[in-house]
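Structural overview
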Amino acid sequence: MAYGKQTTAIHGLLAEFDKPEALVDMARQARQEGFTKIEAFSPMPIHALDEAMGLTNKLPLLVLLGGLAGMFAGGALQYWVSVIEYPTNIGGRPWLSWPSFIVPMFETTILFAALTAVFGMLIMNGFPQPYHPLFHVKRFAEATRSRFFFLIQAEDPKFDATTTREFLARRKPLSIEEVPN
């Protein structure tokens, strides 16, 4: 969606549930129905929800790659300093004395992995996001306290306001609200 242009009048339909099991069932049924642009909101982690929504977590792989990059960067820095730029023979050790490289390599591994975890999580979650259409829905404040919400976005190819509302209503949510764009 381009800035300044609204493609639809609403952002989507939001269903409210009072139990986590109902939210997981809703996510499974929405995926089976063919909806792809869906989001779930919960005040606590629900372990079955990721699988029900078909989400995969790529962050562990990114952290591993960041850690490996840190290990190689630390080793390359030590090699450059000790062998190429400023070779100093201390105690008759060889120029490339790998046991003395272990601690700095470990520290750069941890540093790069931690930075990759933080920035990878922020980027993958789409933060910072100072505005979201859900902020217009007053009941959505309960998503951080006691309620569970499921959103089907209007951008979904299968979205039709009336049939999607009927689909949500068959799952008996506490409420269904249109989310303005």
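Here is a short report on the structure shown in this document. These numbers were taken from a predicted model, which means no experiment stands behind them. (Residues numbered from 1 in each chain as written. Predicted model: local features only at pLDDT ≥ 70, side-chain atom pairs only at ≥ 80, totals over all residues. Heavy atoms only, no water.)

1. A short note on the overall build of the chain
What the chain contains, in helices and strands, is five helices and four strands. Beginning at the N terminus, the succession of helices and strands in the chain can be written as β-α-β-α-α-α-β-α-β. For the chain, the C-alpha radius of gyration of 25 Å lies well beyond 16 Å, the compact-globule estimate for 181 residues. If one aligns the C-alpha atoms of the chain with their principal axes, the spans along those axes are about 80 × 40 × 30 Å. Within the chain, the fraction of its 181 residues that count as buried is 29%. Here the contacts in the chain between residues at least 6 apart in sequence split such that 78% fall between residues at least 24 apart. Of the roughly 11,900 Å² of accessible surface on the chain, a fraction of 63% belongs to carbon and sulfur atoms. With 16 positive and 17 negative side-chain charges, the chain shows a separation of 2 Å between the mean positions of the two kinds. (Helix = DSSP H or I, 4+ residues; strand = E, 2+ residues; numbered from the N terminus. Rg over C-alpha atoms; globule rule 2.2 N^0.38 Å. Buried < 20%, exposed > 50% of the residue type's maximum accessible area, 1.4 Å probe, protein only. Contact = heavy atoms within 4.5 Å. Areas by Shrake-Rupley, 256 points an atom, 1.4 Å probe, with all protein chains shown as cover. Lys, Arg positive; Asp, Glu negative; His and termini not counted. Charge placed at Lys NZ, Arg CZ, Asp CG, Glu CD.)

2. Details of helix H1 (residues 20-33)
Side chains of residues three or four places apart in an α-helix project in the same direction, reflecting 3.6 residues per turn. Over its 14 residues, H1 runs 20 Å from end to end, which matches the ideal 20 Å to within 8%, given 1.5 Å per residue. The set of residues buried in H1 consists of Pro20, Leu23, Val24, Met26, Ala27 and Ala30. With its buried residues spanning 160° around the axis, H1 presents them on a single face. On its buried face, H1 is in contact with strand E1 (10-17), strand E2 (38-41), helix H2 (47-53), strand E3 (148-153) and helix H5 (161-169). At the exit of H1 stands Gly34, carrying a positive phi of roughly 110°. (Expected span 1.5 Å × (residues − 1). Arc of directions from axis to C-beta.)

Purely geometric numbers; function is a separate question.
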